[in-house]
Amino acid sequence: MRAFAVPSADTEPTVTEVPDPTAGPGEALVRVAASSLNGFDASVAAGRLHGMMEHRFPVVLGKDFAGTVEAVGEGVTRFAPGDAVFGVVMKPHLGDGGIGELLAVPADQFIAAVPGEVDLTTAGALGLAGTAAVDSLAAADLQPDRTVLISGATGGVGALTIQYAVATGATVIATARPGAEAEFVTALGAQHAVDYTGDVAAQVRAIAPDGVDAILHLAGDGAALADLLAPGGKIASTLGFGADQHPAAVFVMANPSAETLQQLAADVAAGRIRVPVTATYSLEQAPQALADYRSGALGKLAIQLSGTPSRG
């Protein structure tokens, strides 16, 4: 099959042929229609996880996937061939990924059905970013009528976090440069945009003199941001900033359980949130997608793997 993969250690990812996977016991074999890029993929591509996780080369990139079940292994009853599914690749080693034409994944976790109202391109950009957004807001214990600062608001996780935070009734301060970035976050519902290239602390204090009630640390200096917390506030970080660094900090590791994925899909289907896919690439264009991601593109960058992803 064709896939966007890192062929060996210390090499750049490329679109290449890799062996077809098969569905083992308890697994579903998915014909992938769409995937997307996340920070994890950029870290793998840059070699930053060498020595931290086992690499089984060629390592196919892509934590997210959406497509149709092609076959199921022994003991699988939850899904059947032809079912539309999406999810997140969560394996103890690196090797299998969503930016490939086929993917074998456990059928009992980290995967959910795609509602009929949701197209596969959208589903393929939802799983990891949506889970990180939901889990981060839960860790920050954001309450209605409170103020939250989202640092790193222009990426996929940040864009979804803005929408969920607004839905709680919170006042959202989002980091974004003036211009297209500020327009992007305010269109998603953020009431304030602060320029992260300037004095963030001064800008935030001008809006919330007594500090903010919660902080989502998706980018930037966690320690400096934590100084902006009001008494009793929390800072939830996806970047490793936790209680060892600050007593109000919670390190968040996204857990894309089937239940969380189902809720995310239901929210998209009902129009409660939208997945901000700002560009879509073919599989052959995946190297350009990665370059654009590294340059700081807004929102989610989707990759199509089988023509125009649709429900057929």
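Before reading further, recall that the structure is shown in the block above.
Quick notes on the rules
Residues numbered from 1 in each chain as written. Predicted model: local features only at pLDDT ≥ 70, side-chain atom pairs only at ≥ 80, totals over all residues. Heavy atoms only, no water. Buried < 20%, exposed > 50% of the residue type's maximum accessible area, 1.4 Å probe, protein only. Helix = DSSP H or I, 4+ residues; strand = E, 2+ residues; numbered from the N terminus. Arc of directions from axis to C-beta. Contact = heavy atoms within 4.5 Å. Salt bridge = Lys/Arg side-chain N within 4 Å of Asp/Glu carboxyl O.

Peer 1: I'm lost on helix 5 (residues 180-187) in this one. Help?
Peer 2: Residue pairs three or four apart in sequence face the same way in an α-helix, which turns once every 3.6 residues. If you check which residues of helix 5 are buried, you get Glu181, Ala182, Phe184 and Val185. Angular distribution of buried residues about the axis of helix 5 spans 155°; they occupy a single face of the element. Relative to its buried face, helix 5 has exposed residues pointing more than 90 degrees away, namely Ala180, Glu183 and Ala187. Buried-residue contacts for helix 5 involve helix 4 (156-167), strand 12 (171-175), strand 13 (192-194) and strand 17 (277-282). Looking one or two residues beyond helix 5, the residue adopting positive phi is glycine 189, at roughly 120°.

Peer 1: Explanation requested: the pattern of salt bridges in the structure shown.
Peer 2: Two side chains of opposite charge can pair, provided their charged atoms sit close to one another. Here the structure, examined in full by the defined rule, presents nine salt bridges. Ionic pairing is found between aspartate 96 and lysine 91, a salt bridge with its closest N-O pair at 2.8 Å. Judged by its relative accessible area of 31%, aspartate 96 is partly exposed. Here the salt bridges share partners, and the residues they tie into one network are Arg2, Glu17 and Glu284.

Peer 1: So what exactly am I meant to see when it comes to the environment of glycine 73 here?
Peer 2: By secondary structure assignment, the location of glycine 73 is in the loop between strand 6 (64-72) and strand 7 (84-88). Between the C-alpha atom of glycine 73 and that of alanine 23, which follows or precedes it by 50 residues, the distance is 5.0 Å. The residues touching glycine 73, leaving out its near neighbours within four places in the chain, are Ala23, Gly24, Pro25, Gly26 and Glu27.

Honestly, it's all geometry; don't read function into it.
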